[in-house]
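Coordinate inspection notes
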Amino acid sequence: MTILGIETSCDETSVSILKNDEVRVNLISSQHFHKLYGGVVPELSSRAHLEQIVPLTREALNKAGIGLDEIDLIAATAGPGLIGALLVGFTFAKHLAWSVNKPFIPVNHIEGHIFSGFLMETKPIFPVLVLTVSGGHTLLTIVESETKIRFLGSTIDDAAGEAFDKVSKLIGLGYPGGPKIEQAALLAKRKDTSFPIANLKQAYHFSFSGVKTSVLRYVQKNFPSDADSNSNSVSGKTGIIPEEEINEIAFGFQESVVTALMKNVEKAIVKFKPASLSLNGGVAANSAIRNGIERLGTKYGIPAVIPSFEYCGDNAAMIALRGKQLFESGEKFSIDSEPFPAFNSRYIYNR
Ligand code: KG4
Ligand code: ZN
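First, a word on scope: everything that follows refers to the structure included in this document. Being a predicted model, the structure only gives us computed values, none of them experimental. (Residues numbered from 1 in each chain as written. Chains lettered and ligands numbered in written order. Predicted model: local features only at pLDDT ≥ 70, side-chain atom pairs only at ≥ 80, totals over all residues. Heavy atoms only, no water.)

Quick look at the pairing of strand S4 (residues 73-79)
Where a strand is regular, its side chains alternate between the two sheet faces. Put simply, the rule reads: Whether a residue is buried, partly exposed or exposed follows from its accessible area with a 1.4 Å probe, protein chains only, as a fraction of its type maximum: under 20%, in between, or over 50%, in that order. Helix numbers and strand numbers start at the N terminus; a helix is a DSSP run of H or I with at least 4 residues, a strand a run of E with at least 2. Two strands pair under a simple rule: DSSP has to find at least two bridges between them. Note on handedness: a clockwise path from strand one over the helix to strand two, with the strands aimed away from the viewer, defines a right-handed crossover.
The buried fraction of S4 is high, at seven of seven residues. Both strand S1 (residues 2-7) and S4 contribute to a ladder of four bridges, which runs parallel. Note on S4: the bridge partner recorded for isoleucine 6 is alanine 76. Where S4 and strand S5 (residues 104-108) come together, five bridges link them in parallel fashion. Opposite glycine 79, over in S5, you have asparagine 108 as the bridge partner. What joins S4 to S5 is helix H2 (residues 83-99), and the crossover it makes is right-handed.

A look at the site of ligand 1
Quick reminder of the rule: Definition of nearness: a residue and a molecule or strand are near each other if at least one heavy atom of the residue lies within 4 Å of the molecule or strand. Polar contacts, as counted here, are pairs of nitrogen or oxygen atoms within 3.5 Å of one another; within protein the pair requires one atom able to donate a hydrogen and one able to accept it, and residues that are adjacent in sequence qualify only if both atoms are side-chain atoms. Only the protein chains shown count as cover for residues, and all accessible areas are computed by the Shrake-Rupley method using a 1.4 Å probe. Definitions used throughout: a 1 Å grid over protein atoms alone; a cavity as a set of points that fits a 1.4 Å probe which cannot get out; a pocket as an open set with protein on both sides within 12 Å along at least five of seven lines; a lining residue as one with an atom within 4 Å of a point. For a molecule to be placed in a cavity or pocket, more than half of its atoms must lie within 2 Å of the grid points of that cavity or pocket.
Neighbouring ligand 1 are 19 residues, the closest being Gly135, Asp165, Glu182, Gly282 and Asn286. Histidine 109 is positioned such that a nitrogen or oxygen atom in its side chain is 3.3 Å from an oxygen atom of ligand 1. One of the side-chain N or O atoms of aspartate 165 is found 2.7 Å from an oxygen atom in ligand 1. Protein chains bury 85% of the 550 Å² of accessible surface belonging to ligand 1 in isolation. The site holding ligand 1 turns out to be the largest pocket. Of all the secondary structure elements, the ones that give two or more residues to the shell around ligand 1 are helix H3 (109-114), helix H4 (160-170) and helix H5 (177-186).

From the geometry alone we can't say anything about function, so treat these as descriptive.
Here you go:
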């Protein structure tokens, strides 16, 4: 079976071709220009997807040496994501499928991430405890089969990636924050700056807005603006933070995030005794988080499957794979299906 997958939910245009469960191509065109604005600008994202989608699809077919007539199924991200960005890939894919008379499957982006470990040669074993950490979502699930995803918990405020991005901006490292914080943390020497983690009553839920505020307070207190240090009143503005201190703050913040994530994962391992672990989403590129999951796998004697970097961030291979799983489980195409911007229960959990 040959599947064409299309992903345009945020700032990556991606087209992938999966043949007999093997990724033949996975092209990702990242919109780096958003750095200029300190975050993703939705309208610019849609326009860039519009420019990229046709040439990227042609390139994917050429690279795989496959004609459109050899594609058996077309799958595209339906949501969640930026609605203007989603509309580009989704509408293109749906109409391409219609024009060549092939089945079309809408895919939930988060389901794509959840199953991305199955793109690896060594696959997770059911039931698998899955931690999904991205810019928009932080989610803990137990996946019992391709059609049964059990929700355990999610963030009640900021997503892990969002916290990385906000803290990075706060300490002057810029956007995208995740990789910059990780690099700075590697340069920390003292490693004695720490920030508290949230202690939530709801089991398996996460909260990252508190740690972000602690970093802000720490910076305001220890590195006030010149105006603040020369007067009795406090404006709350921050001054210049020396580079060594930026590294220490980045380390302390990253440690807090890793501790908060691993605490819930360990609690879930003890309670649900999964057969394997998996980690995915853009934040899964972070080595401290990858190491944390691997350590827990070793501690409890279960394999941890972490996708390679190209399948952690947004990519169309995971959309093609999820499309195939859904098609095989009997999912039907409807020309009336539409993309959806918000995370909701559409196309997810207990079909
Ligand atoms: O999954 P993704 O590519 O897009 C969403 O669907 O959200 O995730 C992007 C997020 C951004 O917040 C980015 O800062 C974060 O992943 N990220 C990282 C790292 N690389 C990317 N966070 C921590 N450490 C990293 N190395
Ligand atoms: Zn994503």
